[in-house]
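A structural walkthrough
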Amino acid sequence: MSSNPVPSPVAPRRRLPKEERVAQIVDVAHAAFAARGYGAVTMDQVAAEVGVTKPLLYAYVGNKEELYLACITRDASGLERALATAIDTAQDPGTALQECLRAFFTYLEGDRAAWQVLYDETLPAGGQVAEAVAAYRARLTDVVAASLRDLLPDEDAARIDALSHLLLGAAESLGRWWLRTQSVPPADAADLLIRTVAPGLARMARP
């Protein structure tokens, strides 16, 4: 007489604590934003990839804008620290800015997904996301400006601000080019930018 095998009990799915679930959601959303761009990612997709219902997703992280803000908060602080550390550990004002630009490209090479999220060209032009990105870029500009003030103590505030925007804009543009082509090592891209701007800054620094 044959008997049917007794099925093995299925282990219940472990319910994650809220902090772990939120971290999981941010990780999944971050990967989606990096791969597809903000404009192409939907909350339905994120919920499906995480394995939660859409109402539960909203309960954990709020709307899409708030989810994106959670992603860039982590990335922006990492890049800010990298640039500030490069400046703080430089031997003198003349090399601080160069080390800052090298750190920019080192960060780009080490975490391309973070760069793609921070510099996503599909971001909305207005609203809290645009405001947060503008605030993040203002903080980076302040980091560069601090280095320039040490290098060019006699320059007025307006010119320092203009130079900071110029250098950061050039680094961002070159970073996008590098991500698109990867035709040179990122360190070479950084050195190209440094060699381009260093002579002019050196002339401005002379008494």
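Check the entry above for the structure.
Report follows, based on the coordinates. This is a predicted model, so every value here is computed, not measured. (Residues numbered from 1 in each chain as written. Predicted model: local features only at pLDDT ≥ 70, side-chain atom pairs only at ≥ 80, totals over all residues. Heavy atoms only, no water.)

When helices and strands are tallied, the protein shows 9 helices and 0 strands. The N-to-C order of helical and strand elements in the protein reads α-α-α-α-α-α-α-α-α. Radius of gyration (C-alpha) of the protein: 23 Å, far over the 17 Å computed for a compact globule of 207 residues. Taken along its principal axes, the extent of the C-alpha atoms in the protein is 100 × 40 × 30 Å. The 207 residues of the protein split such that 40% are buried. Within the protein, contacts between residues separated by at least 24 positions form 68% of all contacts whose residues are at least 6 apart in sequence. Split by element, the accessible area of the protein, about 11600 Å² in all, is 55% carbon and sulfur. (Helix = DSSP H or I, 4+ residues; strand = E, 2+ residues; numbered from the N terminus. Rg over C-alpha atoms; globule rule 2.2 N^0.38 Å. Buried < 20%, exposed > 50% of the residue type's maximum accessible area, 1.4 Å probe, protein only. Contact = heavy atoms within 4.5 Å. Areas by Shrake-Rupley, 256 points an atom, 1.4 Å probe, with all protein chains shown as cover.)

Quick look at the nonpolar core now. Residues F33, L67, Y68, L79, F104 and L148 are the most contacted members of the largest nonpolar core, which totals 67 residues. Per-element tally for this core: the top contributor is helix α4 (residues 64-88), with 10 residues. Not counting residues up to four positions away in its chain, the partners in contact with Y68 are F33, Y38, V117, L118, L123, V129 and V133. (Core = buried A, V, L, I, M, F, W, Y, C linked by side-chain atoms within 4.5 Å.)

This paragraph deals with the environment of K54. Secondary-structure assignment places K54 in helix α3 (residues 54-61). Given the relative accessible area of 32%, K54 is considered partly exposed. For the pair formed by K54 and D44, sequence separation is 10 residues and the distance between their alpha carbons is 6.2 Å. Dropping the residues within four chain positions of it, K54 is found in contact with M43, D44 and A47.

Evaluated as defined, the whole model comprises 8 salt bridges. Measuring nitrogen to oxygen at the nearest pair gives 2.4 Å for the salt bridge that ties R159 to E155. The partly exposed category is assigned to R159, whose relative accessible area is 44%. It is possible to trace a salt-bridge network through shared partners that takes in E99, R102 and D191. (Salt bridge = Lys/Arg side-chain N within 4 Å of Asp/Glu carboxyl O.)

In total, this model carries 7 aromatic pairs according to the counting rule given. Look at F33 and Y38: their rings are 5.6 Å apart centre to centre, the planes differ by 25 degrees, and that puts the pair in the stacked class. For the pair F33 and Y38, one class covers both residues: buried. Geometrically, the ring pair formed by W115 and Y119 is stacked, given 4.1 Å between the ring centres and 25 degrees between the ring planes. As far as the burial class goes, W115 and Y119 line up, both buried. (Phe/Tyr/Trp six-rings, centres within 6.5 Å; stacked < 30°, edge-to-face > 60°.)

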